[in-house]
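Observations on the three-dimensional arrangement
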Amino acid sequence: MTRRQERPAVPLDDVSKGIIEQLQQDGRRSYAAIGKVVGLSEAAVRQRVQRLVDAGVMQVVAVTDPLELGFARQAMVGIKVSGALEPVADALADLDEVDYVVICAGGFDVLAEVVAETDEHLLETVSQRIRRIPGVASTETFMYLRLRKQTYSWGVR
């Protein structure tokens, strides 16, 4: 998901939750097939999905393996910030190499996942781009060696 913008909360009824669960199982599932499960027409499912996407509740995307696409390095960068966190998080989110940014509690103020083509690209991204963002006090880079689990099917409540 992209940066959260101030949007009114969208109440999720059981039908919307059912649609989300169906798409979490298979993002290519047809609206007609989803409609049979949740009791709506194909057109009604299409409208519900569009409303959920427009409201920022969900997005339907192809999840790829960066290694298979020519990106040899992935890393999580822990960032300590001096001053306001949001401007640093926003600047990180604007970097093409960064695909995930979260403001957090604990040893770091912000975590950012970086996907890079080479070790040199990762080094340049961290040293020349991330560390030069105003407010970045320090960074620690955790290079990924092997992905063991990545899931997007945690369901709905």
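For the structure, see preceding data.
**Describing the overall build of the chain**
The helix and strand inventory of the chain stands at five helices and four strands. Ordering the α and β elements of the chain from the N terminus gives α-α-α-β-α-β-β-α-β. Scaling as 2.2 N^0.38, a compact globule of 157 residues should have a C-alpha radius of gyration of about 15 Å, whereas the chain reaches 19 Å, well beyond that. Principal axes of the C-alpha set define a box for the chain whose edges measure 55 × 35 × 25 Å. A buried classification covers 29% of the 157 residues belonging to the chain. Of all intrachain contacts in the chain linking residues separated by at least 6 positions in sequence, the fraction that spans at least 24 positions is 66%. Of the roughly 10700 Å² that the chain leaves accessible, carbon and sulfur atoms contribute 50%.

**Overview of helix 2 (residues 31-38)**
Residues I34, G35 and V38 constitute the buried set of helix 2. Along the axis of helix 2, the buried residues cluster in a sector spanning 105°; they form a single face. More than 90 degrees from the buried face of helix 2, the exposed residues found are K36 and V37. Looking at the buried positions of helix 2, the neighbouring elements they touch are helix 1 (14-25) and helix 3 (42-54). In the stretch just after helix 2, G39 is the one whose phi turns positive, near 85°.

**Some remarks on a nonpolar patch on the surface**
On the surface, a nonpolar cluster with roughly 170 Å² of combined accessible area is contributed by V10, L12 and V57. Along the chain, V10 turns up in the segment before helix 1.

**What to know about the nonpolar core**
Among the nonpolar cores identified, the biggest contains 17 residues, and I79, L92 and I130 are the most heavily contacted of them. At the level of elements, strand 1 (73-81), helix 4 (85-93), strand 3 (110-116) and helix 5 (119-130) are the ones that each hand at least two residues to this core. In this structure, I79 is in contact with L92, F108, D109, V110, A112, I130, V136, S138 and T139, ignoring residues within four places of it in sequence.

**Some points on the packing of helix 2 against helix 3**
Remark: helix 2 packs on helix 3, axes separated minimally by 8 Å, with the N-to-C direction vectors making an angle of 95°. When the interaxial angle is binned, helix 2 and helix 3 end up roughly perpendicular. Between helix 2, through Y31, A32, I34, G35 and V38, and helix 3, the contact on the second element is made entirely by E42, V45, R46 and V49. Looking at the contact of helix 2 with helix 3 residue by residue, the classes come out as six nonpolar, one polar and two charged.

The rules behind each value
- Residues numbered from 1 in each chain as written.
- Predicted model: local features only at pLDDT ≥ 70, side-chain atom pairs only at ≥ 80, totals over all residues.
- Heavy atoms only, no water.
- Helix = DSSP H or I, 4+ residues; strand = E, 2+ residues; numbered from the N terminus.
- Rg over C-alpha atoms; globule rule 2.2 N^0.38 Å.
- Buried < 20%, exposed > 50% of the residue type's maximum accessible area, 1.4 Å probe, protein only.
- Contact = heavy atoms within 4.5 Å.
- Areas by Shrake-Rupley, 256 points an atom, 1.4 Å probe, with all protein chains shown as cover.
- Arc of directions from axis to C-beta.
- Patch = residues over 30% accessible without salt bridge, like charges linked within 9 Å, V, L, I, M, F, W, Y side chains within 5 Å.
- Salt bridge = Lys/Arg side-chain N within 4 Å of Asp/Glu carboxyl O.
- Core = buried A, V, L, I, M, F, W, Y, C linked by side-chain atoms within 4.5 Å.
- Axes fitted to C-alpha atoms, helices over the stretch in contact; angles between N-to-C directions.
- Parallel < 35°, antiparallel > 145°, perpendicular 65-115°, else oblique.
- Nonpolar A, V, L, I, M, F, W, Y, C, P; charged D, E, K, R; others polar.

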